[in-house]
Amino acid sequence: MRTRPLKVALLGCGVVGSEVARIMTTHADDLTARIGAPVELAGVAVRRPSKVRAGIDPALVTTDATALVKRGDIDVVVEVIGGIEPARTLITTAFEHGASVVSANKALIAQDGAALHATAEQHGRDLYYEAAVAGAIPLIRPLRESLAGDKVNRVLGIVNGTTNFILDKMDSTGAGYQEALDEATALGYAEADPTADVEGFDAAAKAAILAGIAFHTRVRLDDVYREGMADVTAADFASAKRMGCTIKLLAICERAADGGSVTARVHPAMIPLSHPLASVREAYNAVFVEAEAAGQLMFYGPGAGGAPTASAVLGDLVAVCRNKLGEATGPGDSAYTQLPVSPMGEVVTRYHISLDVADKPGVLAQVATVFAEHGVSIDTVRQTGKDGEASLVVVTHRAPDAALSGTVEALRRLDTVRGVASIMRVEGE
Ligand code: NDP
Ligand code: HSE
């Protein structure tokens, strides 16, 4: 057992960072035994130094994060500031000055993961970020290490706790979107500005990271098709219920059937109530991984929150410290397949389309013709009408997304179609 401690610099001491510091202190003996050396909190960088931080020695607190990562005696930098800058520059500087890095920063990893991995490799350091996707749930390491001998074909999951909480409330209580969002905010799930969650940016960053690791290729944030969930209505949930479905914001990463490309997308979708993801309630996350030899694997647990996220950070910290003591580095970036990312139009899926139409002879035939002209096969049609107007709900068989969206555009141009009330993909069957 080495007695000289490994030194850890903590960048950020907010929701996640304060829990990282707490666990480092309360579990110090266990961490020492598991790593083979003590770990010492050597500095804590924050924005507001005068804020009282329980359990943190005020002498460790600094606003000069750059000086902290440049000290030269730091073994591991834990970055839990978030955002792109200054986090990116601080991580790069840490690598240059001898430290490995553990981060929870999905926005940064999704945007600049490749460059950061390259810098880490150049300097012989580790870059770990288990906490960046689905909080406490072990997902990055299982994909990168446990499944390294298998071929992953699909990753399908709920990777944003805030939006799952909102959709679950809308489904279970009939609450409207704004009411459910207000409750999520009051309970501390949603950010003061919930845009990244409800518009799907947070889930898209996670999808980019997952797709890149699962398929050993490069998937950038811009490659991920993204739709938020702010337009999901109580009427959509009523429609979903009639089909034996519920609605979830899903991140879906797929290898094409011919193996020659991949897709990554985030959007609300109807899934059957019998699907395991349908029963993921409140702010929980769950991810399905389908691999050639392993079959279907499901990972489930808390996807957000200080302590759960800190658990993942601490797991990485232990791994990186062990690597450091063994004078080794863990698995780095793997993008050797160089598979192209196909556009959303090539994704094959099903649509649930709700139309307001004139209730008169020939309308159904006109609508059906538009579907046929776009090569989209109809699975079911349901019509309810009153006073010369009708609501028509069409569920399609599987077709390329481009054909489905072309169908909807053509439907909008029909005089007899008063409006397209909602369009939603149907997944998980
Ligand atoms: P917080 O906003 O709670 O904490 C951010 C911390 O960073 C604060 O301590 C803040 O200081 C500090 N900080 C901000 N800017 C600077 C700066 N320029 N220099 C030094 N310190 C700075 O964020 P979270 O803890 O919620 O999130 C941290 C990271 O973890 C993000 O990348 C997030 O995406 C990720 N994450 C968060 C999860 C969650 O449930 N919260 C779940 C999974 C990942 P001060 O305290 O003085 O304001
Ligand atoms: N805002 C994110 C969520 C935090 O709600 O899932 C975890 O990444």
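As the structure is a computational prediction, the values presented were derived from the model and not from experiment.

(A) Seen up close, the site of ligand 1. Close contacts around ligand 1 come from 21 residues, with Cys13, Val16, Arg48, Arg53 and Gly305 the closest. In this structure, an oxygen atom belonging to ligand 1 sits 2.8 Å away from a main-chain N or O atom of cysteine 13. The separation between an oxygen atom of ligand 1 and a polar side-chain atom of arginine 47 is 3.0 Å. Considering ligand 1 on its own, with 900 Å² of exposed area, one finds that the protein chains cover 80% of that surface. By residue class, the composition of the shell around ligand 1 is eleven nonpolar, six polar and four charged.

(B) Quick look at the packing of aromatic side chains. Enumeration over the complete set of coordinates arrives at one aromatic pair. Arranged with centres 5.3 Å apart and planes meeting at 5°, the rings of tyrosine 284 and tyrosine 300 form a pair that is stacked. Separated by 16 residues along the polypeptide, tyrosine 284 in strand β11 (residues 284–291) and tyrosine 300 in strand β12 (residues 295–302) bring together distant segments of the chain. We note arginine 226 situated over the ring of phenylalanine 201; from NZ or CZ to the ring centre the distance is 3.8 Å.

(C) A look at unusual backbone geometry. Residue proline 86 is bonded to the preceding glutamate 85 through a cis peptide linkage, with omega at 10°. With respect to the element layout, proline 86 can be found in the loop between β4 (76–79) and α4 (87–96). Here histidine 216, not a glycine, exhibits a phi torsion of approximately 50°, which is positive. Structurally, the position occupied by histidine 216 is in the loop between α10 (201–215) and β8 (225–226). Among the residues examined, histidine 216 registers a relative accessible area of 18% and is labelled buried. Here the phi dihedral of glutamine 338 falls at roughly 50°; this positive angle occurs in a residue that is not glycine. Mapped onto the elements, glutamine 338 comes out in the loop between α12 (306–325) and β13 (348–358). For glutamine 338, a relative accessible area of 67% gives the class exposed.

(D) Quick peek at the sheet that holds strand β5 (residues 100–103). In spatial order, the strands read β3-β2-β1-β4-β5-β6; together these six strands make up an open sheet with parallel pairing. Either end of the sheet is taken by a strand with one partner, and the two such strands are β3 (61–62) and β6 (127–128). Along the sheet, α12 contacts β1 (6–11), β2 (39–45), β4, β5 and β6; its crossing angle with β5, the most-contacted strand, is approximately 170°.

(E) Summary view of the site of ligand 2. What surrounds ligand 2 is the set Lys106, Asn160, Gly161, Thr162, Asp197, Asp202, Lys206, Gly303 and Ala304. In this structure, threonine 162 approaches ligand 2 through a side-chain N or O atom, which is 2.7 Å from an oxygen atom. Aspartate 197 has a polar side-chain atom sitting 2.8 Å from a nitrogen atom of ligand 2.

(F) Expanded view of the domain arrangement of the protein. Considered domain by domain, the protein is made up of domain 1 (6–135 + 306–325), domain 2 (140–302) and domain 3 (344–426). Placing a centre on the C-alpha atoms of domain 1 and another on those of domain 2 gives a separation of 27 Å. Carbon and sulfur atoms supply 63% of the area buried between domain 1 and domain 2, which totals about 1300 Å² over both sides. For the domain 1 face of the interface with domain 2, the top three residues by lost area are Ala110, Val133 and Ala134, together amounting to 38%. On inspection of domain 1 and its partner domain 2, the count reaches two salt bridges. Between aspartate 316 and arginine 141 there is a salt bridge, and its shortest N-O distance comes to 2.5 Å. Linking domain 1 with domain 2 are five residue pairs in polar contact (both at pLDDT 80 or more). Counting only elements with at least two residues in the side of domain 1 that touches domain 2, the list comes to α5 (106–122) and α12. At six residues, the largest contribution of residues to the side of domain 1 that touches domain 2 is made by α5. Residue composition of the side of domain 1 that touches domain 2, by class: eleven nonpolar, three polar and three charged.

(G) Expanded view of the pairing of β13. Of all eleven residues in β13, nine are buried, a share of seventy percent or more. As paired strands, β13 and strand β16 (residues 399–400) are joined by two bridges and run antiparallel to one another. The partner of valine 348 across the bridge, within β16, is proline 400. Taken together, the seven bridges between β13 and strand β15 (residues 389–396) define a ladder with antiparallel strand orientation. Counterpart to histidine 352 in the pairing with β15 is valine 395.

(H) Representation of α5 within the structure. The axis of α5 is deflected most strongly, by about 85°, at aspartate 112. Among all positions in α5, only Leu108, Ile109, Ala110, Asp112, Gly113, Leu116, His117, Thr119 and Ala120 are buried. Those residues of α5 hidden inside the fold are in contact with α4, β6, α6 (140–146) and α10. A positive backbone phi angle near 70° is found at glycine 124, which sits one or two residues after α5.

(I) Geometry of the nonpolar core. Within the largest apolar cluster, 78 residues are counted, with the highest numbers of intra-cluster contacts made by Val77, Val152, Ile166 and Ile209. With eleven residues, α10 is the largest single contributor of residues to this core. Each of domain 1 (6–135 + 306–325) and domain 2 (140–302) contributes no fewer than three residues to this core. If we skip the residues at most four places from it in the chain, valine 77 touches Ala9, Leu11, Val69, Ala94, Ala99, Ser100, Val101 and Val102. Counting 34 residues, the second largest nonpolar core, distinct from the first, contains Ala21, Ile35, Tyr128 and Val318.

About the criteria used
Residues numbered from 1 in each chain as written. Chains lettered and ligands numbered in written order. Predicted model: local features only at pLDDT ≥ 70, side-chain atom pairs only at ≥ 80, totals over all residues. Heavy atoms only, no water. Near = heavy atom within 4 Å. Polar contact = N/O pair within 3.5 Å; in protein donor to acceptor, adjacent residues only side chain to side chain. Areas by Shrake-Rupley, 256 points an atom, 1.4 Å probe, with all protein chains shown as cover. Nonpolar A, V, L, I, M, F, W, Y, C, P; charged D, E, K, R; others polar. Phe/Tyr/Trp six-rings, centres within 6.5 Å; stacked < 30°, edge-to-face > 60°. Helix = DSSP H or I, 4+ residues; strand = E, 2+ residues; numbered from the N terminus. Lys NZ or Arg CZ within 6 Å of the ring centre and 35° of its normal. Buried < 20%, exposed > 50% of the residue type's maximum accessible area, 1.4 Å probe, protein only. Pairing = 2+ DSSP bridges. Contact = heavy atoms within 4.5 Å. Axes fitted to C-alpha atoms, helices over the stretch in contact; angles between N-to-C directions. Domains from an automatic or database assignment. Buried area = accessible area lost by both parts, 1.4 Å probe. Salt bridge = Lys/Arg side-chain N within 4 Å of Asp/Glu carboxyl O. Bend = angle between axes of the 7 residues up to and from the residue. Core = buried A, V, L, I, M, F, W, Y, C linked by side-chain atoms within 4.5 Å.

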